[in-house]
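Architecture at a glance
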Amino acid sequence: MAKHVEGPIGIVPALVRSTFLVNGAYADAARERGLTPQQGQLLCVLMPQPFGMGELSAMLGLAKSSLTGLVDRTERNGLVRRAQDARDTRAVRVALTHEGAVLAEEFYADACRRIDELAGGLDAAERETLAALLGRVVADNEAPVVFREPAEGAVVGEG
């Protein structure tokens, strides 16, 4: 594909267009594993621990009915399971199954690699600056943690 050369772009188009790039990389990693991007996101959110449906709804920005459908489909595929909350028997927690945990790790590693490659033309200092600036935007807007930080010492670009 030929590269289109253009001048500097403003913050709004840069953020919007970068979102398309990240979403495309994420969708490609999901599709290769038979997942929708939403299922991939659900698996990544559940990697550190199980969450209640209300927590998941808030984190993923989904209405309860949409989340229920997403969890239903992912559960039918054997990737998550519902369990009663030990502290509140009326509440349900969603957790990864063993198969879901394995697939989540594979998906996560591939998505990290693909997204990391988007900044492949930047040198180390530029990458650090970009990460710091985007990190500040994320923190200032209190974005939920829907994608964890790669493990310390992990090489994202290989894999």
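Keep in mind the model is a prediction, meaning the values are calculated, not measured. (Residues numbered from 1 in each chain as written. Predicted model: local features only at pLDDT ≥ 70, side-chain atom pairs only at ≥ 80, totals over all residues. Heavy atoms only, no water.)

**Quick word on a nonpolar patch on the surface**
Together, Ile11, Val12, Leu15, Val16, Phe20, Leu122, Leu130 and Leu134 make up an exposed nonpolar region whose accessible area comes to about 730 Å². Among the elements of the structure, α1 (11–31) and α6 (124–140) are those that each provide at least two residues to the nonpolar patch. Its location among the elements puts leucine 122 in the loop between α5 (98–118) and α6. (Patch = residues over 30% accessible without salt bridge, like charges linked within 9 Å, V, L, I, M, F, W, Y side chains within 5 Å. Areas by Shrake-Rupley, 256 points an atom, 1.4 Å probe, with all protein chains shown as cover. Salt bridge = Lys/Arg side-chain N within 4 Å of Asp/Glu carboxyl O. Helix = DSSP H or I, 4+ residues; strand = E, 2+ residues; numbered from the N terminus.)

**As for the packing of aromatic side chains**
Applying the stated criterion across every chain yields a total of one aromatic pair. Pairing tyrosine 26 with phenylalanine 107 gives two aromatic rings, centres 5.0 Å apart and planes at 85°, and the pair type is edge-to-face. Residue tyrosine 26 is located in helix α1, and its partner phenylalanine 107 is located in helix α5; the two are separated by 81 residues in the primary sequence. Taking relative accessible area as the criterion, tyrosine 26 reaches 11% and is therefore assigned buried. (Phe/Tyr/Trp six-rings, centres within 6.5 Å; stacked < 30°, edge-to-face > 60°. Buried < 20%, exposed > 50% of the residue type's maximum accessible area, 1.4 Å probe, protein only.)

**A closer look at the nonpolar core**
Core analysis: the largest hydrophobic core is formed by 29 residues, its most contacted members being Leu43, Leu46, Leu56 and Phe107. Those elements giving two or more residues to this core turn out to be α1, α2 (37–46), α3 (53–60), α4 (64–76), β3 (92–96) and α5. Here this core gets six residues from one element, more than from any other, and that element is α5. Contacts of leucine 56, omitting those with residues within four sequence positions, involve Leu42, Val45, Leu46, Phe51, Gly61, Leu67 and Val94. (Core = buried A, V, L, I, M, F, W, Y, C linked by side-chain atoms within 4.5 Å. Contact = heavy atoms within 4.5 Å.)

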